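Structural overview
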Amino acid sequence: MRTKQEHSPAREKLFEAAQTLILEKGFAGTTVDDICKASKLTKGSFFHYFKSKENLGVRLLEKYCASSKEMFACGCCQEEKDPLKRIYGFLDYMIGMSKKGGGKGCLLGSMAQELSDTHPEIRSICCRGFSEIAAHLESDLKAAKAKYAPKASFDPKSLAEHFVTVLEGSMLVSKVRKGTENKISGVEHYKNYLKALFGR
């Protein structure tokens, strides 16, 4: 009897195929047959790793959130000592990712929009994923406020959560328009807003 391997090539192929299809067709519009066909694997392979399409959706979203968290932690000027420069480096990084990513959208945002009302577990994962994105920015916003704008009235937590709204909303509109312009400009406008708040 085969044992389930957490990082097996077959499992990764199923994840990759599912993510592409969900971004293109939505979760409800993607079937197990679609995923198997796109990954060139059998249903036996699918059900060896996942109990159901819903189970795959949960595991895929968890994997996506973990990868995003790691990407933010490793790729965004963490060696920079100045918190405001780290923030601007992070935003420039996100702008660069937007240019590379085209109009495919965000799996977290797509699944949140489609499934939050019907799948409590997925809603919970999405909520945690958005919170982790905001938390990545919040700590630096607090430090930058203390250093550069201690008397300013803005709340770092709310400002970090606003970034999530800007990012996800921009990606949604960009997906509809099939381009990166709106996605990039949304993050750029947020960066300009921060420059106005901090005066630098």
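Residues numbered from 1 in each chain as written. Predicted model: local features only at pLDDT ≥ 70, side-chain atom pairs only at ≥ 80, totals over all residues. Heavy atoms only, no water.

**Some words on the overall build of the protein chain**
Quick note on the threshold: Helix and strand definitions follow DSSP, with helices as H or I runs of at least four residues and strands as E runs of at least two, each counted in order from the N terminus. Note on exposure labels: buried denotes an accessible area under 20% of the residue type's maximum, exposed denotes more than 50%, and partly exposed covers the range between, all computed with a 1.4 Å probe on protein chains only. Between two residues, a contact is recorded if the distance between any of their heavy atoms is within 4.5 Å. Areas reported as accessible are Shrake-Rupley estimates using a 1.4 Å probe. Residue values count occlusion only from the protein chains shown.
For the protein chain, the helix and strand inventory stands at nine helices and zero strands. Secondary structure of the protein chain in N-to-C order comes out as α-α-α-α-α-α-α-α-α. A total of 200 residues make up the protein chain; the buried ones form 46% of that total. Taking contacts inside the protein chain between residues at least 6 apart in sequence as the whole, the part at least 24 apart equals 69%. Of the roughly 11000 Å² of accessible surface on the protein chain, 54% is carried by carbon and sulfur atoms.

**Considerations on the layout of surface pockets**
The following threshold applies: For cavity detection a 1 Å grid was placed over the protein atoms alone, and a set of points counts as a cavity when a 1.4 Å probe fits there but cannot get out; an open set counts as a pocket when protein lies on both sides within 12 Å along at least five of seven lines, with lining residues being those that have an atom within 4 Å of a point. Grid points are joined across faces, edges and corners, and a volume is the space filled by probe spheres set on the points. Side-chain classes are defined by residue name, with Ala, Val, Leu, Ile, Met, Phe, Trp, Tyr, Cys and Pro counting as nonpolar, Asp, Glu, Lys and Arg as charged, and the others, Gly among them, as polar.
Roughly 160 Å³ of internal volume is contained in the second largest pocket. Around the second largest pocket, the lining residues are Gly105, Cys106, Gly109, Ser110, Ala112, Gln113, Phe130, Glu168, Met171, Leu172 and Lys175. Residue composition of the lining of the second largest pocket, grouped by class: five nonpolar, four polar and two charged.

**Things to note about the pattern of salt bridges**
This is how the line gets drawn: We count a salt bridge whenever a side-chain nitrogen from Lys or Arg sits within 4 Å of a carboxyl oxygen from Asp or Glu.
Enumeration according to the criterion identifies nine salt bridges in this entry. Lysine 43 is the partner of aspartate 33 in a salt bridge, and the nearest nitrogen-oxygen pair spans 3.2 Å. With aspartate 33 in helix α2 (residues 32-39) and lysine 43 in helix α3 (residues 43-49), this residue pair connects regions lying ten residues apart in the sequence. Between aspartate 140 and arginine 86 there is a salt bridge, and its shortest N-O distance comes to 2.7 Å. Of the two residues, aspartate 140 sits in helix α7 (residues 120-148) while arginine 86 sits in helix α5 (residues 83-101), which places them 54 residues apart along the sequence. Taken individually, aspartate 140 and arginine 86 each receive the classification buried, so the pair is uniform in this respect.

**Structural notes on the state of the cysteines**
Every disulfide links exactly two cysteines, by a covalent bond between their sulfur atoms. Convention followed: Here, the term disulfide refers to a pair of cysteine sulfur atoms separated by no more than 2.5 Å.
Here the structure, examined in full by the defined rule, presents zero disulfides. Looking at the unpaired cysteine 65, the closest cysteine sulfur is the one in cysteine 126, lying at 6.7 Å.

**What about helix α1 (residues 9-25)?**
We count it as follows: Under the convention used throughout, the expected extent of a helix is 1.5 Å for every residue step, that is, one less than its residue count.
Compared with the 24 Å implied by 1.5 Å per residue over 17 residues, the 24 Å span of α1 between its first and last C-alpha is a close match. Of the residues flanking the end of α1, it is glycine 26, one or two places downstream, whose phi is positive at about 85°.

**Section: the packing of aromatic side chains**
Applicable threshold: Each aromatic pair joins two rings of Phe, Tyr and Trp (for Trp, the six-membered one) with centres within 6.5 Å, and gets the label stacked for planes under 30 degrees apart, edge-to-face for over 60, and tilted for any other angle.
Tallying each qualifying case throughout the model produces seven aromatic pairs. Seen in terms of ring centroids, phenylalanine 154 and phenylalanine 198 are 5.4 Å apart; in terms of plane orientation they differ by 75°. Their pairing is edge-to-face. Residue phenylalanine 154 is found in the loop between α7 and α8 (156-177), and its partner phenylalanine 198 is found in helix α9 (residues 181-198); the two are separated by 44 residues along the sequence. Grouping residues by exposure puts phenylalanine 154 and phenylalanine 198 together as buried.

That is the geometry; function is a separate question.
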